[in-house]
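So you can see what is in the structure, the chains are spelled out below.
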Amino acid sequence: MNVANKIVKLRKAKGMTQSDLGKELNVTYQAVSKWERDESQPDFDTICKIAKIFGVPISYFENDGCDTDEAAAADGACGVATERDEQSCADEKADMLGVCTACGRILRDGDQDGTDGKLLCKACAAQARAKAEKARLEEERVKADKIKKQAAAEANMRAKFTKRVALACAIGGLIALGSLITFVIGAVYDDGTVGVTMSVCMCIFVPIMVFTWVFQLFWDGVARSVTCWGMQVIKLPGIIFSADLDGLIFLIVMKILLTALSWIISILLICATSILGMIVSVFTFIQLLIKIHRKDEDIL
């Protein structure tokens, strides 16, 4: 029988209400109600007062205390007289350490096992340590899972960057090599119109510009934005025509001419923005390499 049930039995055996017992102990009846519902435990001094009120030894409230019927408990259990003097209670109190803060068991010397500064019996202390160990293991598991997921995400990001860098280098290198071969052939067969110096400069700088430009087209940045701006669809105005054969022929001819004009303008615009993108790419190439090295996701 736990402390809660023993307080209930003693109180009812003496015909007291929770309010009556609360007044004797200078506590509220709500506190007594919580004790009896085993929602909280009275402290050691309060247990001493309860034992004195009902004329039972303090040891009666221990887990291994004797369980007698209500009348025996009220008359003094375990062979202890109902009239206990103050010195006897003090001696018994001196022999005890206190009350387990978890289960309410009265503790004597050797029964206690302190955990985090709390007075606990050995069983409750073992449960507290087991609970703490379980919480620690769970925390370590969660932390390990978090580290594992983070490592997997970083590995996936590195693989994505590596794959895109390899593809950009391969395609950019091939196109730059093609431009180099083209300008070298042009320089070899030059009849003096361009000049040796200009041919050498074009063979050096144009492939570099082409490579940096193509390389940056694989990443979000200024060079790609400038180049893609020229790929917009050019919309030309509509055509007004008469509803007859001549008007229909006029419409077809004008549609063909306007379509051709639209394509010419688009090609010229793409060429212009591509050249501008090549020029810009030379100045933004190093900055892009730094972002790639840092694995900046904004450029993906």
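That block above? That's the structure.
Residues numbered from 1 in each chain as written. Predicted model: local features only at pLDDT ≥ 70, side-chain atom pairs only at ≥ 80, totals over all residues. Heavy atoms only, no water.

## Here we look at the packing of aromatic side chains
Two measures describe an aromatic ring pair: the distance that separates the ring centres and the angle between the ring planes. In this structure the tally under the stated criterion is five aromatic pairs. Taking 5.7 Å as the distance between ring centres and 25° as the angle between the ring planes, the aromatic pair formed by phenylalanine 161 and tryptophan 219 counts as stacked. Note that phenylalanine 161 is positioned in helix 7 (residues 122-188) and tryptophan 219 in the loop between helix 8 (196-216) and helix 9 (222-229), a separation of 58 residues in sequence. For phenylalanine 161, a relative accessible area of 2% corresponds to the buried category. Note on phenylalanine 211 and phenylalanine 285: the rings are 6.3 Å apart at their centroids and 65° apart in plane angle, and the pair reads as edge-to-face. Taken together, the residues span a long stretch of sequence, with phenylalanine 211 in helix 8 and phenylalanine 285 in helix 10 (residues 245-293) at a distance of 74 residues. With relative accessibility at 23%, the residue phenylalanine 211 sits in the partly exposed group. The rings of Phe161, Phe211, Phe215, Trp219 and Phe285 are connected pair by pair, giving a single aromatic cluster. The ring of tyrosine 60 is capped by lysine 6, whose NZ or CZ atom sits 5.3 Å from the centre of that ring. (Phe/Tyr/Trp six-rings, centres within 6.5 Å; stacked < 30°, edge-to-face > 60°. Helix = DSSP H or I, 4+ residues; strand = E, 2+ residues; numbered from the N terminus. Buried < 20%, exposed > 50% of the residue type's maximum accessible area, 1.4 Å probe, protein only. Lys NZ or Arg CZ within 6 Å of the ring centre and 35° of its normal.)

## With respect to the side chain of threonine 212
Note that threonine 212 resides in helix 8. Only 3.1 Å separates the side chain of threonine 212 from the side chain of serine 281, close enough to count as a polar contact. (Polar contact = N/O pair within 3.5 Å; in protein donor to acceptor, adjacent residues only side chain to side chain.)

## Concerning the nonpolar core
Ranked by size, the top nonpolar core spans 21 residues in total, and within it Ile7, Leu21, Ile50, Phe54, Ile58 and Phe61 carry the most contacts. Listing elements by their share of this core, those giving two or more residues are helix 1 (3-13), helix 2 (18-25), helix 3 (29-36) and helix 4 (44-54). Here this core gets seven residues from one element, more than from any other, and that element is helix 4. Counting nine residues, the second-largest nonpolar core is a separate cluster that includes Phe161, Phe215, Leu288 and Ile299. (Core = buried A, V, L, I, M, F, W, Y, C linked by side-chain atoms within 4.5 Å.)

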